[in-house]
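# Residue-level structure breakdown
Next come the chains, spelled out residue by residue.
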Amino acid sequence: MRHAGHDIRIRQGVIEAIGLLTALPDERLIDARDCVVYPAWVNPHHYLFQSLLKGEPQGLNKSLTAWLSATPYRFRATFDEQTFRLAVRIGLIELLRSGCATVADHNYLYWPDMPFDPSDILFSEGEALGMRIVLCRGGATQGRTIEQDLPQALRPENFDHYMADIERLVGCYHDPRPTTLLHSAPGAQVREMARLARQLGIRLHSHLSETVDYLDAARDRFNMTPVQFCAEHDWLGDDVWFAHLVKLLPQQITLLGDSRTGIAHCPQSNGRLGRGIADLLALEQAGVPVSLGVDGAASNEAADMQSESHAAWLLQRARKGMFATPRYDGGTFEGGGDVAIIEDVVCWGSAGGAQILGLPQSGAVQVGMLADIAVYRLDDPRYFGLHDMAIGPADCGGRASLKALMINGRLIVENDHIPGLDLDAMRHQAISAVRTL
Ligand SMILES: [Zn+2]
């Protein structure tokens, strides 16, 4: 839905009115003439600690499994508290500067005797920057090989400890207003986790079917598909979302759609690791709620929501085009230029993510919604000559400068600047941290 050229009044964090309005004496005015206003993005799948592992040479040209060993698993346990905090901060700032208000961090590497609590750091960094954080507290209670062969970050947790920590985190951080499932825990525990989550009123998130390895593993170990495994263990429903879902058989798409299980589509990371391109169009048609996530920066050197939406737009069209065949061979269409229109892509990246995370008051510029708003100033030559300025932030690629980013009506980015943030100092900290790692 589009609005043209009107005013937006925000009061107490909520959009109070949209239309031709006159500023009241006590109101602060942001002049958004010649700007484009979007709902702030919602990113439902990230690994913020990877923000210091971009382009890591040993993993750069590898597919998923080899990349996991070469980069995130190898480095995770070497992060001290300060390094972890810096990585989180860099990732959050990159997202903020693309106009993103909410991020779900899939933090799943916890091991016995961790030297600090990464969950607390995620929330405290989010709070310091004014960003909305959803923690997906993952974990593994079994390893895939014998324990002493595993890097420290992959040593399994005790199941009771895992469940107790989930309850503790809900007690500390859950606002009641609105992992790799196959390998990381035995089936009975997977079902117990779903039961506890529903009892606590929180949602369920994992990766699924990123590569053919998932299909092979589910067939070998359970004689079923990965989605069937989820169905058997109570991990489907409108309170569940999976990242990736690249490799799916048709009956898996039906199961996901019928149960309204969501997808966090991560096209850039899927491309970087050579996983393939998820069939969003089939998933959406089947009834799957669609959202866009950046995945971790160790497999996505452009971990911001403008880049991600741009990639989603292009790749869904390219994907459909790949299946075009000549008419003489039974073909019925020429290419994929008619799918994934920009309005759909923006909706996936905002309202879609909010729905999946259970935040129905975010993700749209409408009266009564939270004032999570990105105001883009399209002042780069890239946008000069654009016939429809409204599509610019998503279809031109790159990062548009932000006149303003509001989260809950609070001004977080102003004239492309986060007050109090010294980007140059942070750049030097990052250089030094990469050297240490
Ligand atoms: Zn992922």
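Structure shown above.
Reading the values: rules and limits
Residues numbered from 1 in each chain as written. Predicted model: local features only at pLDDT ≥ 70, side-chain atom pairs only at ≥ 80, totals over all residues. Heavy atoms only, no water. Helix = DSSP H or I, 4+ residues; strand = E, 2+ residues; numbered from the N terminus. Rg over C-alpha atoms; globule rule 2.2 N^0.38 Å. Buried < 20%, exposed > 50% of the residue type's maximum accessible area, 1.4 Å probe, protein only. Areas by Shrake-Rupley, 256 points an atom, 1.4 Å probe, with all protein chains shown as cover. Contact = heavy atoms within 4.5 Å. Pairing = 2+ DSSP bridges. Axes fitted to C-alpha atoms, helices over the stretch in contact; angles between N-to-C directions. Parallel < 35°, antiparallel > 145°, perpendicular 65-115°, else oblique. Left-handed = near helix turned anticlockwise from the far one by under 90°. Salt bridge = Lys/Arg side-chain N within 4 Å of Asp/Glu carboxyl O. Donors = N, O, S within 2.8 Å, 3.2 Å for Na, K, Ca; no water. 1 Å grid on protein atoms, 1.4 Å probe; cavity = no way out; pocket = protein on both sides within 12 Å on 5 of 7 lines; lining within 4 Å. Points joined across faces, edges and corners; volume = space filled by probe spheres on them. Nonpolar A, V, L, I, M, F, W, Y, C, P; charged D, E, K, R; others polar. Core = buried A, V, L, I, M, F, W, Y, C linked by side-chain atoms within 4.5 Å.

## Quick notes on the overall build of the protein chain
- Regarding its fold elements, the protein chain presents 16 helices and 13 strands.
- Here the protein chain has a C-alpha radius of gyration of 22 Å; the compact-globule value for 437 residues is 22 Å, and the two agree.
- By principal-axis analysis of the C-alpha atoms, the protein chain measures approximately 65 × 65 × 45 Å.
- A total of 437 residues make up the protein chain; the buried ones form 55% of that total.
- Split by element, the accessible area of the protein chain, about 19500 Å² in all, is 51% carbon and sulfur.

## Brief notes about the side chain of His 46
- Secondary-structure assignment places His 46 in strand E4 (residues 41–46).
- The contact partners of His 46, leaving out residues within four places of it in the chain, are Leu 95, Val 103, Ala 104, Asp 105, His 106, Val 294, Asp 295, Gly 296, Ala 297 and Ala 303.

## Observations concerning the sheet that holds strand E12 (residues 401–407)
- Taken in spatial order, the four strands of this open sheet run E3-E11-E12-E13, and their pairing is antiparallel. In this open sheet, the two edge strands, each paired with only one partner strand, are strand E3 (35–39) and strand E13 (410–414). When the angles between neighbouring strand axes are averaged without regard to direction, this sheet yields 20°.
- Relative to E13, E12 runs antiparallel, the two sharing four bridges. Bridge assignment links Met 406 to a residue of E13, and that residue is Leu 411.

## Side note on the packing of helix H3 (residues 81–96) against helix H16 (residues 423–436)
- Interhelical geometry of H3 versus H16 gives an angle of 130° and a closest axis separation of 11 Å. Relative to H16, the element H3 is oriented oblique. Handedness of the H3/H16 crossing: left-handed. Contact residues: Thr 83, Leu 86, Arg 89, Ile 90 and Ile 93 in H3; Leu 423, Met 426, Gln 429, Ala 430 and Ala 433 in H16.

## Side note on the pattern of salt bridges
- One pass over the full model with this rule turns up 28 salt bridges.
- A salt bridge links Arg 2 to Glu 343; the nearest nitrogen and oxygen atoms lie 2.9 Å apart.
- Ionic contacts of the salt-bridge type, sharing partners, join the residues Asp 117, Arg 137, Glu 157, Asp 165 and Arg 168 into one network.

## What about the coordination of the zinc ion?
- Within the first shell, the zinc ion binds the protein through His 45 (NE2), Tyr 47 (OH), His 244 (NE2) and Asp 295 (OD), at distances of 2.2 to 2.5 Å.
- In this structure Tyr 47 comes out as buried when scored by relative accessible area, which is 5%.

## Observations concerning the layout of surface pockets
- Taken as a whole, the largest pocket encloses approximately 1700 Å³ of empty space.
- Taken together, 49 residues form the lining of the largest pocket, with His 6, Ile 8, Val 37, Val 365 and Ile 373 sitting closest to its centre.
- If you list the elements that add at least two residues to the lining of the largest pocket, you get strand E1 (7–11), E3, helix H14 (342–357), strand E11 (373–377) and E13.
- No other element matches the six residues that H14 contributes to the lining of the largest pocket.
- Looking at the lining of the largest pocket residue by residue, the classes come out as 28 nonpolar, eight polar and 13 charged.

## Some points on the packing of helix H13 (residues 305–322) against H14
- Two elements in contact, H13 and H14, have axes whose closest approach is 10 Å; the angle formed by their N-to-C orientations is 135°. What the angle tells us is that H13 and H14 run oblique. Remark: the crossing between H13 and H14 carries right-handed chirality. For the pair formed by H13 and H14, the contact residues are Met 305, Ser 309, Trp 313 and Gln 316 on the first element and Ile 342, Val 345, Trp 348 and Gly 349 on the second.
- Considering only residue class, the contact of H13 with H14 consists of five nonpolar, three polar and no charged.

## Looking at the nonpolar core
- With 112 residues, the main nonpolar core has Tyr 38, Leu 96, Trp 235, Phe 242 and Leu 256 as its most contacted residues.
- With nine residues, H3 is the single largest residue contributor to this core.
- Among the nonpolar cores identified, the runner-up in size contains 11 residues, and Val 134, Ala 243, Ala 264 and Leu 359 belong to it.

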